[in-house]
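Listed below are the residues making up each chain.
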Amino acid sequence: MVFWRLSWREFRRRPVRALLTLFSIVIGVAAVLAVSLAISNTRAAQRSMLKSVVGQTHFEVYAEGGVLFDQGVVAKIRQVPGLKLATPVIRRFTNMFYGDQRSTKLQYLGVDPKLDQEVREYKLVQGEALSDYEQVLLDRSFAESLGLKVGDDVQFQTQSGKREAKIVGLTQSSSASAATQGSLAILPLPTLQRWTRSGSRIELVQIVVDDESKLNDSKAAIQAVLPSDLKIRVPALRSEMARESTVAMDQSLGMASAFSLMLGIFVIYNTFQMNIGERRRQLGILRALGTTRSQIVRMIVFESAILGLFGTISGWIIGIFAARGLSMAMASASDIDHPQNILTFFPFLISGVCGLGVAIVGAFMPAYRASLLSPAEALRVVTSGNLEPNRKMLLLVGIVLSPVGFTVLILCVLGKVHIDHAIAGCTLFLLGYIFMIPSFLRPVSSFIYRLLERLFGVEGRLAQRQLLRHRVRTSLTIGILFLAISMGLGMGNMILDNVRDYRTWASEVLVGDFFVRSTMPGASNEAAGSLPSGTIDAITNISGVKAVDATSYISVRANDMTVSLIARSFIDRNRKVFHVSQGDPNAIFDGIQRGEVVIGSVLAERGKLKLGDEIQLESPKGIVPLKICGIANDYMNAGLTVYIHRPIADQYFEIEGSHLAIIDIIPGQIESAEKEIKRLCDQEGLIFLSQKELLKIVRSKVDGIVNGLWAVLGLCSLIAAFGLVNTLTMSVLEQTAEIGMLRAVAMTRTQVRKTVFSQAVFMGLIGLIPGVLAGLLIAYLLALSVLPTTGHAITFQFRPWLVFGSLGLELLVVLLASLIPAERAARIPVAQAMQYQ
Amino acid sequence: MSLIQIKQVTKSFGTGEVQVDVLRGIDLQIRSGEFVAIMGPSGSGKSTLLSILGGIEPPSSGQVLLEGTDLATLSDDDRTRMRRRRIGFIFQAFNLISTLTAVENVCLPLELDGVSKTVATKRAMESLELVEMGKRATHIPSKLSGGEQQRVAIARALAIKPAIILADEPTGNLDSRQGARVTQLLRDIVKSYQQTIVMVTHDANVAKSASRLVLLRDGEIESDQAQAEWHSDGAVR
């Protein structure tokens, strides 16, 4: 009890110190939670989207290339024993028009209303079930976000033009794993069959089995009754490409998450080191009065546990709000609608361990060291550097960690280790460096002092000595700055390299005067809606139209991978269609005409396919081996693409309509043709884009991703700034008596400020300059490490504006962060300060 | 003319019912070359008076004139400059910067005042030699004994060639042998350089070194006598 009272008095005696400690936990926990939750929310939203379509389905029966097939097969499947249900489905991406001609992209499902609820686990929360043709069910939260209610009419872009349906009911997911059905419209199957002119054909049969332990038996039994052109698969396979398309973002966020965790741990640990160090004298008095070592340790660990608990809970609350904003940014970048802020356990666990765990460990180590001091030692007014960890040990750890991390990065570059491990490599590499800082702090800081002696003056010398007084603490703060800039530069440069590469690709490949499509382009072209039948002919017949390239995207299996087959009309030898990485562009055109294909570099790398090899495409007519005449750098569907001449594709795949019309206009007739095509698009509810507009959309999509990542980097910079404010303020608190004496003897307020600024500048220069170099090295290695995974090297570019801009910005942050502690030091009342203990 | 003159100085801490009047209308004049000891029981206001003399704390009322300049009329920075050029401080706890060597500690006020490092070091070494610490100039405080640390602190005070040295219990943290050595040093400084010193002390033996004794009680001057008078009065026992 007496110790609890002592701790409480200590909090009250030094409220600023206690609050700084608390804030460091809060911000560390909030950052880790926000980033982790945002990642898990984005994943959950992706899963939720998939789940809302797939539901409980164990298997899907489909035809290669998404070809429609007769629904008569459903009856055959239902006869297979052990099946709970088998229901026919058509699904399409399209635009839904509502209100005053506003529109949104969604997926609409044609289902059997009687069975659907058993597959997709939703309940009707408003209105009634589907009972007639032109009726639609929407997810309640989705409808509310659009301002729609039961009884409203909406229109859908279909292959037979715009079609109207009435909202008869609103649904809510009853599945634990799918919080929302998202942007999904459910309509009766016959309605969609009519709208899509599919007759009695369907796209899928979704099957739920009775006994999950006999999945293999059920699959074999279903397979046995299927005609040869139909296949059976586990639904998750569809998500492969969606996952591929977000690999780069996952990589960046994973890295940001690892860094925010490290920063959080550093800030919390450092604050406790300072807190205990400053109380050393008080602990000495306690020891002198008969407090045992274990009592000292217990008291401090208890204090830190209380602070850790409060800080963690507060950090969680702030983190939940921050995660919401971050999730929205990530969702918009990943083409996900309405992500929910789902509070999953794991992010709380990680951030809780970071907050509470690090608080306890961070307090235990210096407390344990303090308890080892004899009362006489503890009472001496000398530096408390001996409370810090052993520098030689840290150096040894650093010497081991850095080369290990560097080796992992090199192995990633060589393709010997998967690129996912690059994050671990970076982390080890940077951590190793931070562990080594205490050992070279003295020579480096002396060198800087000599270099800038005129600028620093005697205040600089005082600042340098103060930093050397607590080398590990100083090093951790330097480490925070080092991490912030190396991560900022490394990731920033990587992002910019990727964006530049993507934009180059887009401007070279997305060539045409005009583009017509039914839905806006998304992360994956698999999600493209079909153009109404007759659209291509109607555009071709418009006066001034030179040529129309009718492009279709379908998913097929090739070499045991799900790839996107892109069928185009290759009609103009001079038109650039690919960003070729292997193969002669002229020979490629001839090869394509002969029935050969061009594949994306990622597919080539994954399938170990080379120029001249044959790729095995699974078609409704069996396996089709097609020779590869070119390999292209491709961002479409994450590079898992096969480009084929449309007439050839039509031979093997029953391609249903087109998803995109790329239109060339005869020179001089642009304006008149544009007017006519626009009129057609308005009539059919289609999207009309000039090349400039299309590139603008593509760029804005990329900008969304880039902005999301900059936001994460900004957050890390904020943590670094906070870490610095914390260290400097604690340092000022600790030096209160000394500052008081200096003020009494000789120092003006300006000189006090200059001393604190000098400390910040020392830490800034020691952390930031190597941080810039490490950041550039990381960016360079990350750019190289993409090659083994994607088959396409991203060229590293040195950007002086980014390097010097980041350095200048971080130095500014350093100076701004030192403003408060500097002012606090300058305002210390001299007489009181001299009594400070 | 008086080096320091304080007129009707009061100092109170707190307000209302918890107000404590530490000094109650002190008048005091100190001439150049005097060695003044201030004594009094705990809470009599000795250290507060010293802080006010040094411009560290402002009085609640009254005037403090150092060489004719009213400290209250100066800005904080000007007061600081006045302190570092004209007032030397010696503290009970030595208050050396633990990370600086002895010579660097002595240089500090000079360098902060813009004196070049070379000149500052030369003057610092002279001061250290004066207090017989020249051979220990490159040691950091933790490697020095208490008496040695206090001698470095005296060297620091002397280095600026101050008009007055204010010493707050300079022997309070020292054993009797080291305390006697420091006291002798202060006496020599006064004798050799006509240095003005105002010293707060509890120790009657230390006070005996001074040429004048001011006794404080409850924030007021109880007696103010020259050495000859208080020796005969037996004011200090």
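You'll find the structure just up there.
Here the structure is a predicted model, which is why all the values come from computation and not from measurement.

(A) Representation of the overall build of chain A in the model. On a plain count of helices and strands, chain A comes out with 27 helices and 22 strands. The buried share of chain A, reckoned over its 837 residues, is 54%. Long-range pairs, those at least 24 residues apart, make up 85% of the contacts in chain A between residues at least 6 apart in sequence.

(B) Highlighting the sheet that holds strand 8 (residues 196–200) of chain B. Residues and elements named next belong to chain B. The six strands lie next to each other as 6-7-8-3-9-10, forming an open sheet whose pairing is mixed. Each edge of the sheet is formed by a strand with only one pairing partner; in this case those strands are strand 6 (87–90) and strand 10 (220–226). Sheet twist, expressed as the mean angle between neighbouring strand axes with direction ignored, is 15°. In this sheet, strand 8 lies alongside strand 7 (residues 164–168) in parallel orientation, the contact comprising five bridges. Along strand 8, the bridge assignment pairs aspartate 168 with valine 200.

(C) Here's a closer look at the environment of alanine 774 of chain A. Among the structural elements, alanine 774 of chain A can be located in helix 25 (residues 749–790). In sequence terms alanine 774 of chain A and glycine 490 of chain A are 284 residues apart; their C-alpha atoms lie 7.8 Å from each other.

(D) Up close: helix 1 (residues 46–53) of chain B. Residues and elements named next belong to chain B. Among the eight residues in helix 1, eight count as buried, and that is most of the element. Every buried residue of helix 1 is accounted for by Lys46, Ser47, Thr48, Leu49, Leu50, Ser51, Ile52 and Leu53. Glycine 55 occupies a position one or two residues after helix 1 and carries a positive phi of about 75°.

(E) Up close: the sheet that holds strand 2 (residues 20–31) of chain B. Within the open sheet, the four strands sit side by side as 2-1-4-5 (chain B). Their pairing is antiparallel. Two strands in the sheet have a free side with no partner beyond their single neighbour: strand 2 and strand 5 (69–70) of chain B.

(F) Representation of the nonpolar core within the structure. Ala34, Leu263, Ile480, Leu481 and Leu724 of chain A together with Ile38 and Val198 of chain B are the most contacted members of the largest nonpolar core, which has 193 residues in total. In terms of residue count, helix 25 of chain A provides more of this core than any other element does, 17 residues in total.

(G) Highlighting the pairing of strand 8 of chain B. Residues and elements named next belong to chain B. Within strand 8, five of the five residues are buried, which leaves it mostly tucked inside the rest of the structure. Burial along strand 8 is two-sided: Thr196, Val198 and Val200 facing one way and Ile197 and Met199 facing the other are all buried. Note that the unit made of strand 7, helix 6 (residues 176–193) and strand 8 has a crossover that is right-handed.

(H) Region of the structure containing the interface of chain B and chain A. Between chain B and chain A, the residue contacts involve 21 residues of the former and 19 residues of the latter. Looking at the side of chain B that touches chain A, the elements with two or more residues in it are helix 2 (76–86) and helix 3 (102–112) of chain B. Looking at the side of chain B that touches chain A element by element, the count peaks at five residues for helix 2 of chain B. Here the residues of the side of chain B that touches chain A are counted per class, giving seven nonpolar, seven polar and seven charged.

(I) A look at the environment of alanine 638 of chain A. Residue and element names in this part refer to chain A. Assignment of secondary structure puts alanine 638 in the loop between strand 19 (622–633) and strand 20 (641–645). By C-beta crowding, alanine 638 is classed as buried, having 23 other C-beta atoms within 10 Å. Expressed as a C-alpha distance, the spacing of alanine 638 and leucine 603, which sit 35 residues apart in the sequence, is 9.0 Å.

(J) Structural context of the packing of helix 15 (residues 422–451) of chain A against helix 16 (residues 453–469) of chain A. Residue and element names in this part refer to chain A. The contact between helix 15 and helix 16 brings their axes to 9 Å, and the two run at 165°. Judged on the interaxial angle alone, helix 16 and helix 15 are roughly antiparallel. Crossing angle aside, the handedness with which helix 15 passes helix 16 is right-handed. Residues Leu441, Arg442, Ser445, Tyr449 and Arg450 of helix 15 form the contact with helix 16, whose participating residues are Glu453, Phe456, Gly460, Arg461, Gln464, Leu467 and Leu468. Its residues assigned to classes, the contact of helix 15 with helix 16 shows five nonpolar, three polar and four charged.

(K) Representation of helix 17 (residues 471–509) of chain A in the model. Under the 1.5 Å per step criterion, the end-to-end length of helix 17 of chain A is 55 Å for 39 residues, consistent within 8% with the ideal 57 Å. Taking burial as the measure, the 39 residues of helix 17 of chain A include 28 buried ones, the bulk of the element.

(L) Summary view of the pairing of strand 8 (residues 161–173) of chain A. Residues and elements named next belong to chain A. Where strand 5 (residues 122–127) meets strand 8, five bridges bridge the pair, whose relative direction is antiparallel. When the bridges of strand 8 are listed, tyrosine 122 appears paired with serine 173. Bridging between strand 6 (residues 135–139) and strand 8 involves five bridges; their strand directions are parallel. Directly across from aspartate 139, in strand 8, lies its bridge partner threonine 171. Both strand 7 (residues 153–158) and strand 8 contribute to a ladder of six bridges, which runs antiparallel. Within the sheet, the bridge partner assigned to phenylalanine 156 lies in strand 8 and is arginine 163.

(M) Spatial organisation of the environment of valine 597 of chain A. All names here are of chain A. Along the chain, the position of valine 597 falls in strand 17 (residues 597–600). When the 26 C-beta atoms within 10 Å are taken as the criterion, valine 597 is described as buried. Distance in space between the C-alpha atoms of valine 597 and leucine 626 is 6.5 Å, their sequence separation being 29 residues. Beyond its immediate stretch of four places on either side in the chain, valine 597 contacts Ile615, Leu626, Ile628, Cys629, Val642, Tyr643 and Ile644.

(N) Examining unusual backbone geometry more closely. All names here are of chain B. The backbone phi angle of glutamine 8 is positive, close to 45°, even though this residue is not glycine. Position of glutamine 8 relative to the elements: it lies in strand 1 (residues 2–13). Of the residues examined, glutamine 8 has 13 C-beta atoms within 10 Å and is grouped as partly exposed. The backbone of glutamate 67 sits at a positive phi, close to 50°, despite the residue not being glycine. Along the polypeptide, glutamate 67 turns up in the loop between strand 4 (61–66) and strand 5. Residue class for glutamate 67 comes out partly exposed when judged on the 14 C-beta atoms lying within 10 Å of it.

Conventions we followed
Residues numbered from 1 in each chain as written. Chains lettered and ligands numbered in written order. Predicted model: local features only at pLDDT ≥ 70, side-chain atom pairs only at ≥ 80, totals over all residues. Helix = DSSP H or I, 4+ residues; strand = E, 2+ residues; numbered from the N terminus. Buried ≥ 20, exposed ≤ 12 C-beta atoms within 10 Å, placed from the backbone. Contact = placed C-beta atoms within 7 Å. Pairing = 2+ DSSP bridges. Axes fitted to C-alpha atoms, helices over the stretch in contact; angles between N-to-C directions. Core = buried A, V, L, I, M, F, W, Y, C linked by C-beta atoms within 7 Å. Right-handed = clockwise from strand over helix to strand, strands pointing away. Nonpolar A, V, L, I, M, F, W, Y, C, P; charged D, E, K, R; others polar. Parallel < 35°, antiparallel > 145°, perpendicular 65-115°, else oblique. Left-handed = near helix turned anticlockwise from the far one by under 90°. Expected span 1.5 Å × (residues − 1).

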